[in-house]
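Here is what each chain is made of, one letter per residue.
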Amino acid sequence: MLKEFKEFIAKGNIIDLAVGVIIGGAFGKIVASLVNDIIMPVVGLILGNVDFKTLQIILKPAEGETPALAINYGMFIQNIVDFLIIALVIFFVLKALMKVKKEKAAEEPAPAEPVITKDQELLTEIRDLLKK
């Protein structure tokens, strides 16, 4: 079982996936900081000094030690902006990768026509005659 586990871990796809998840997590933190610390304050300023983190609809006010029950629609808006920025960045990265792949494919010479030997030519003629 340990041997199978080592073979499973050693596969290139698993390692690539692990690297992708780690980089994706770090990228998510960077985008969250970009949205929270740079974009949303500017948007809030443009909309009249609105702090999106505090936008909410209070359903039931706080009573004693019980916190207020509220719908935090400001955080929802902020998460939508996070998602849109991540999707936009991924779109541009994939678009750039596809462009590089397309350019690389254009640079590669087309495969040459296979050279047919005399034997193969003779066999082709025999096959064609048998079909008739």
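Residues numbered from 1 in each chain as written. Predicted model: local features only at pLDDT ≥ 70, side-chain atom pairs only at ≥ 80, totals over all residues. Heavy atoms only, no water.

Test applied: UniProt positions are given in the numbering used here, feature names are shortened, and annotations may be inferred rather than shown by experiment.
The name given to the protein chain in an unreviewed UniProt entry is Large-conductance mechanosensitive channel, with the source organism recorded as Streptobacillus felis. Recorded in UniProt under Sequence similarities (unreviewed entry), the annotation for the protein chain is "Belongs to the MscL family." The UniProt entry for the protein chain carries the following comment under Subunit (unreviewed entry): "Homopentamer."

### Some thoughts on the domain arrangement of the protein chain
Rules: Per the annotation, domain bounds derive from an automatic or database assignment of domains. Contacts are residue-level and defined by heavy atoms, with any inter-residue pair within 4.5 Å sufficient. By buried area we mean how much accessible surface two parts lose on assembly, using a 1.4 Å probe and totalling the loss over both. Just to be clear on terms, a salt bridge is a Lys or Arg side-chain nitrogen sitting within 4 Å of an Asp or Glu carboxyl oxygen.
You can read the domains of the protein chain as domain 1 (1-49) and domain 2 (51-115). Each of domain 1 and domain 2 has a C-alpha centre, and the two are 11 Å apart. Every contact between the two is made by 12 residues of domain 1 and, on the other side, nine residues of domain 2. When the two sides are added together, the surface that domain 1 and domain 2 hide from each other amounts to roughly 850 Å², 79% of it contributed by carbon and sulfur. It is Phe27, Val35 and Met40 in domain 1 that bury the most area against domain 2; as a group they hold 48% of the surface buried on that side. The interface formed by domain 1 and domain 2 holds zero salt bridges in total.

### Brief notes about the side chain of Asp82
Heads up, the rule is: By definition, any uninterrupted DSSP run of H or I lasting at least four residues is a helix, any uninterrupted run of E lasting at least two residues is a strand, and each is numbered from the N terminus. Buried means the residue's accessible area, taken with a 1.4 Å probe over protein chains only, is under 20% of the maximum for its type, while exposed means over 50%, and partly exposed covers the values in between.
With respect to the helices, strands and loops of the structure, Asp82 is situated in helix α3 (residues 73-107). For Asp82, a relative accessible area of 14% puts it in the buried group. Not counting residues within four places of it along the chain, the set of residues in contact with Asp82 comprises Val31, Ala32 and Val35.

### Considerations on the nonpolar core
Note the threshold: Buried residues of nine kinds, namely Ala, Val, Leu, Ile, Met, Phe, Trp, Tyr and Cys, make up a nonpolar core once their side-chain atoms join them within 4.5 Å.
Of all hydrophobic cores here, the largest spans six residues; its members are Val31, Val35, Met40, Phe52, Leu55 and Ile85. A total of three residues in this core trace back to one element, the largest contributor, which is helix α2 (residues 12-46). Summarising the domain contributions, this core has at least three residues from each of domain 1 (1-49) and domain 2 (51-115). In this view, Leu55 contacts Val50, Ile71, Asn72, Tyr73 and Gly74; residues no more than four positions away in its chain are not counted.

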